[in-house]
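Breakdown of the fold
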Amino acid sequence: MIVSEYVRGIRNNYVRIRELALPDERKYQYCIMKRGGISGFLPFEIRYIDSDAYMYYDITSRQNISTLYSKKPLDRKWIAAFFSSMKNIRNEAVRFLLDPANLIWNPSNVYQDLRNGKFGYLYVPYLDEDNGMSEMMDFLVSHVDYTDEELVRCIYSVAEQYKSGGDAYIREKIYLDIEAMSEAKDQTDPAAMPESGAVVRTQDVIPDAGDVRSRGLPADADQRKPSDGINMDDIYEQAEKIGQEFDGASRRPRLKPIRFPSGKNRSSDGTKTGGILSFFERLRYGDRQLREEYDFGMESAEMATVAEETRYSDAERSEGSEGTVYVDLTSEEKLRKLENESGKVIYELKDDSCIIGTKQEDADLVIDEKGISRMHARIFSKDEDYFLEDLNSTNGTFKNGLKLKPYEQKKLSKGDEIRLAASKIYFM
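Re the side chain of Lys399
Within the fold, Lys399 resides in strand S14 (residues 397-399). Only 2.6 Å separates the side chain of Lys399 from the backbone oxygen of Lys411, close enough to count as a polar contact. The contacts of Lys399, once residues within four sequence positions are left out, are Leu388, Leu404, Lys410, Lys411, Leu412, Asp416 and Glu417.

Below you can see the structure in the form of structure tokens.
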């Protein structure tokens, strides 16, 4: 299981993953990743700290989709754009002879640029752990827009087929299923189609014949389709030979990217997953418990920054003590509020969470001041307590003068000062 942690630099924010062993930076995948410039891949570098090696990925001005869509559903347009991005990033990996299985898919490590909406992905060279695709499918099922019945049917079907077909389904058919949903909607309601660029037709990921033969691969490899199963081991073995030509990390490979033809290869398999229709028959009558009933059996990836746990001893329960007297507070007294420096209430915490930032469509409390990020911080309740979390902000979030790391969570007490850039608010 990938364990990531967040660190803040002087000007940039990073998510980092610790290497279990010191990497051989002359190997092909490390050389290509350090060179950078691959569309959709988050900028990558290796740093050594106390004899340990860490892979650093720049996530400045980006937000992980787990946080970004914690309070709003995934609509048809977003789903179409995401799967289009998934197809493109896998094609980019193959184009540069990188194994698509090394892309990380758990929602807490897939990022979206808040400025332009583009997705950014972590690529871990020589990954030998689970890449989190099952967690992504579980996330899609849990957050899909349940008012769009056709979209729900499509996402449940995609998740079920991935559960049974695994990576083979991702390689060959998943994009056709998403495209079929879009085409069906286009026939009934053209105005509801996603904007141009959201979805493109699936194309074969077949290397150019000349490029394949020039790398010593099987002579008939150029005739194979994805369903024929191109032997990626042969490609990676040859890529490692290319990597041996590097004298050092600063050398650039003389590598010509593989080109892709524009031909199409559509599968005629229209089989529907058994058992899925019963879900949607119940959904028609408003049964929202489908989210809880659907279970992939996957736990979320562990994160390094977690909510603080309060350790205490109850002196009143010692011998001879009468114990604590229960006092029933009114709902108004239990309600937590945010106040500005003059004592004016600017927000009442009636919901489970409050996102603070300048982006009106995503923030619950909008503070339009210089230095505050689009999604700057979050205050949320957990087990009857409230916590403050920094949302990968540019200028940082402070609790009583102490700066939080990106996505670090600190427990709040009544009267705590929260500083966002130069703005101060108080938790009351």
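Still more to cover.
Observations concerning helix H5 (residues 149-165)
Helix length check: H5, at 17 residues, gives a terminal C-alpha distance of 24 Å against a target of 24 Å (1.5 Å per residue), a fit within 8%. Considered for burial, the residues of H5 that qualify are Leu151, Val152, Cys154, Ile155, Tyr156, Ser157, Val158, Ala159, Glu160, Gln161 and Tyr162. Positive phi appears at Gly166, one or two residues downstream of H5, with a value of about 65°.

Some words on the packing of helix H4 (residues 133-143) against H5
It is the contact of H4 with H5, at a shortest axis distance of 9 Å, that shows an interaxial angle of 160°. It follows that H4 is roughly antiparallel to H5 by the angle criterion. Judged by the twist between their axes, the crossing of H4 over H5 is left-handed. On H5, the residues touching Met133, Ser134, Met137, Leu140 and Val141 of H4 are Ile155, Tyr156, Val158, Ala159 and Tyr162. For the contact of H4 with H5, the residue count by class is nine nonpolar, one polar and no charged.

A closer look at the nonpolar core
Counting residues in each nonpolar core, the largest one holds 69 residues, and the members touching the most others are Phe82, Phe83, Leu98 and Leu140. In terms of residue count, the dominant contributor to this core is H5 (eight residues). Those residues in contact with Phe83, other than ones at most four positions away along the chain, are Leu140, Ile155, Val158, Ile174, Tyr175 and Ile178.

Each value, and the rule that gives it
What you see as residue numbers is a count from 1 along each chain, following the sequence as written. In keeping with the predicted nature of the model, local features appear solely for residues at pLDDT of at least 70, side-chain atom pairs appear and are counted solely at 80 or more, and the whole-chain, interface and lining totals rest on all residues. To get the side-chain values, all heavy atoms of the structure are used, and hydrogens and water are removed first. What counts as a helix is a DSSP run of H or I of at least four residues, what counts as a strand is a run of E of at least two, and both are numbered from the N terminus. Any pair of nitrogen or oxygen atoms within 3.5 Å is treated as a polar contact; in protein, a donor-acceptor pairing is required on top of that, and neighbouring residues in sequence qualify only through side-chain atoms on both sides. Whether two residues are in contact is decided by their heavy atoms, any of which lying within 4.5 Å being enough. Expected helix span is taken as 1.5 Å per residue step, with the number of steps being one fewer than the number of residues. Only protein chains enter the area calculation, which uses a 1.4 Å probe; residues under 20% of their type maximum are buried, those over 50% are exposed, and those in between are partly exposed. All axes are obtained by fitting lines to C-alpha atoms, using only the stretch in contact for helices, and the reported angles, taken between N-to-C directions, cover 0 to 180 degrees. The scheme is simple: roughly parallel for angles under 35 degrees, roughly antiparallel for over 145, roughly perpendicular for 65 to 115, oblique for anything else. Working rule for handedness: look at the near helix, and if it is turned counterclockwise from the far one by less than a right angle, call the crossing left-handed; if clockwise, right-handed. Following the grouping adopted for this structure description, the nonpolar residues are Ala, Val, Leu, Ile, Met, Phe, Trp, Tyr, Cys and Pro, the charged ones are Asp, Glu, Lys and Arg, and the polar ones are all others, Gly among them. In these notes, a set of buried Ala, Val, Leu, Ile, Met, Phe, Trp, Tyr and Cys residues joined through side-chain atoms within 4.5 Å is what counts as a nonpolar core.

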